[in-house]
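Observations on the model geometry
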Amino acid sequence: MKCRTCGKKASVNMRQHKLALCKEHYLEWLPAQVERFIQKYRMFAHDEKILVAVSGGKDSLSLWDILHYLGYQADGLYICLGIDSSTSLGASGGADYSAESQRLAEQFAAGHGLKLHIVNVQEQTGKTIPEWAEASLRGRGKPCSVCGLVKRHVMNRIARDLGYDVLATGHNLDDEAAVLFGNTLTWSGEYLLRQGPVLPATSGLARKVKPLFRLYEREMLAYALLRGIEYIYDECPFALGSTSIYYKELLNKLENDRPGAKLAFYLSFLEARKKGLFAEQEQVQQELHPCPNCGQPTSAPGLCSFCRMVKH
Ligand code: SF4
Ligand code: ZN
């Protein structure tokens with residue numbers, strides 16, 4: 001397999017694009033794709049301040065790397081969840097997942113001269129994520145819903161307090177297609193309505209964007225490896241056995257037989273929505289009001305779900 005650009009031996013072959021590239025041209029091609037999607041979906045401009053949510057994994061660090069390379073003003077935000085071997089609620093492996101991912105995020109920031117904000121959930125709220133999950137779920141189920149709630153709250157708060165225009169996350173096509181698949185199996189109109197590469201700013205919340213949403217997981221993996229980015233190899237121990245991993249496997253089987261199927265699934269969804277597939281749901285959008293404690297918009301009367309949880 002030869003590089004389409006220079007004819008040298010290819011390092012990455014992308015069947016879905018019928019494209020193979022050598023290392024040098026792959027490392028040019030991928031950021032150029034991201035730039036194209038930033039423009040096409042009107043994610044942000046060069047004069048806007050971007051906050052990148054960095055987990056220490058390959059996608060978020062690569063996103064930060066790419067935005068920096070493309071000349072955007074992007075700072076990082078690392079949220080320390082306090083997930084380690086002692087508090088993992090019976091999850092196996094993942095010893096000191098949080099400490100190691102924080103170290104890699106800090107190392108990346110220092111190596112590139114970039115600014116990284118660090119928020120420690122335990123210091124801010126008195127408990128780690130597994131402890132919050134234990135308190136609110138009494139040991140039943142995974143901490144992922146609590147974790148998602150806390151991460152959203154922290155990201156929104158930091159973006160607002162520090163004046164960022166836009167919040168960027170490293171979700172790739174595999175992540176997005178798996179969520180879409182799950183929402184489609186149950187036809188969850190409300191969730192489908194909110195899924196997309198750009199979530200416009202709303203009352204007091206920064207715009208949210210996913211600049212990697214059209215890139216396959218393996219394309220991002222190849223990027224991180226070829227760029228020599230040191231990232232946390234282990235997933236969060238709570239991700240093991242999750243339905244989203246199962247959906248990813250199913251979609252990979254489909255992709256294997258029909259290269260491009262995953263991308264087509266996601267893009268045709270965006271197209272259908274643009275044509276008004278969810279027009280009815282869009283009419284009945286819930287009204288939001290600011291939480292009396294933290295000021296973030298919430299649909300329930302009174303405190304938002306984060307403040308309700310933390311106040312107990
Ligand atoms: Fe949080 Fe669950 Fe993701 Fe782990 S797998 S980081 S607990 S949402
Ligand atoms: Zn609140």
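Structural data are supplied above this passage.
Summarised in this report is the structure supplied together with it. Within each chain, residues carry numbers counting from 1 in the order of the written sequence. As they are written, the chains are lettered A onward and the ligands numbered 1 onward, keeping that order. In keeping with the predicted nature of the model, local features appear solely for residues at pLDDT of at least 70, side-chain atom pairs appear and are counted solely at 80 or more, and the whole-chain, interface and lining totals rest on all residues. Processing note: side-chain calculations cover all non-hydrogen atoms of the structure and skip hydrogens and water entirely.

1. Observations concerning the packing of aromatic side chains
- Stacked, tilted and edge-to-face pairs are distinguished by plane angle, under 30 degrees for stacked and over 60 for edge-to-face with tilted covering the rest, among Phe, Tyr and Trp rings (Trp via its six-membered ring) whose centres lie within 6.5 Å. Scanning all chains against the criterion turns up 10 aromatic pairs.
- Taken together, a centroid distance of 6.3 Å and an interplanar angle of 75 degrees make the contact between Phe181 and Phe265 edge-to-face. Taken as a pair, Phe181 in helix H7 (residues 173-185) and Phe265 in helix H11 (residues 261-274) lie far apart in primary sequence, 84 residues in all.
- Exposed residues in this analysis have more than 50% of their type's maximum accessible area, buried residues have under 20%, and partly exposed residues fall in between, with area computed by a 1.4 Å probe over protein chains only. A relative accessible area of 24% means that Phe265 is categorised as partly exposed.
- With a centroid separation of 6.1 Å and an interplanar angle of 40 degrees, the aromatic rings of Tyr246 and Tyr247 are classed as tilted.
- The class for Tyr247 is buried, based on a relative accessible area of 18%.
- Put simply, the rings of Phe37, Tyr41, Phe213, Tyr266 and Phe269 pair up and form one aromatic cluster. Secondary structure elements follow DSSP: runs of H or I of four or more residues count as helices, runs of E of two or more count as strands, with numbering from the N terminus.

2. Looking at the coordination of the zinc ion (ligand 2)
- For Na, K and Ca the donor cut-off is 3.2 Å, while for other metals it is 2.8 Å, and in both cases only N, O and S atoms qualify; water is not among them, so sites may look incomplete. Protein coordination at the zinc ion (ligand 2): the donors are Cys291 (SG), Cys294 (SG), Cys304 (SG) and Cys307 (SG), at 2.2 to 2.4 Å from the metal.
- Note on geometry labels: four donors, all angles 85 to 135 degrees, give tetrahedral; four donors become square planar and six octahedral when opposite donors are over 155 degrees apart and every other angle is between 65 and 115; remaining cases are irregular. Around the zinc ion (ligand 2), the four donor atoms are arranged such that angles at the metal cover 105 to 114 degrees; this shape is classified as tetrahedral.
- For the zinc ion (ligand 2), all donor residues lie on one chain, and their spacing in sequence is C-x2-C-x9-C-x2-C. One end of the pair, Cys294, is in the loop between strand E9 (289-290) and strand E10 (297-298); the other, Cys307, is in helix H13 (residues 305-311), and 13 residues separate them in sequence.
- For Cys294, a relative accessible area of 17% translates into the label buried.
- When its relative accessible area of 3% is taken as the criterion, Cys307 is described as buried.

3. A look at the site of ligand 1
- If you check the shell around ligand 1, you find Leu81, Cys144, Cys147, Lys151, Cys236, Phe238 and Ala239 and nothing else.
- Residue classes follow a fixed rule: Ala, Val, Leu, Ile, Met, Phe, Trp, Tyr, Cys and Pro count as nonpolar, while Asp, Glu, Lys and Arg count as charged, and any other residue, Gly among them, counts as polar. Residues of the shell around ligand 1, tallied by class, amount to six nonpolar, no polar and one charged. Definition of nearness: a residue and a molecule or strand are near each other if at least one heavy atom of the residue lies within 4 Å of the molecule or strand.

4. A closer look at the pairing of strand E4 (residues 73-80)
- Judged by how many residues are buried, E4 sits mostly within the fold: seven of eight residues are covered.
- If DSSP finds at least two bridges between two strands, the strands pair. Bridging between strand E3 (residues 49-53) and E4 involves five bridges; their strand directions are parallel. What sits directly across from Ala53, in E4, is Leu77.
- Looking down the strands as they point away from you, a crossover is right-handed if its path from the first strand over the helix to the second goes clockwise. For the segment spanning E3, helix H2 (residues 58-69) and E4, crossover handedness is right-handed.
- Pairing of E4 with strand E5 (residues 116-120), which is carried by five bridges, proceeds in the parallel orientation. Within E5, the residue paired with Tyr78 across the bridge is Ile118.

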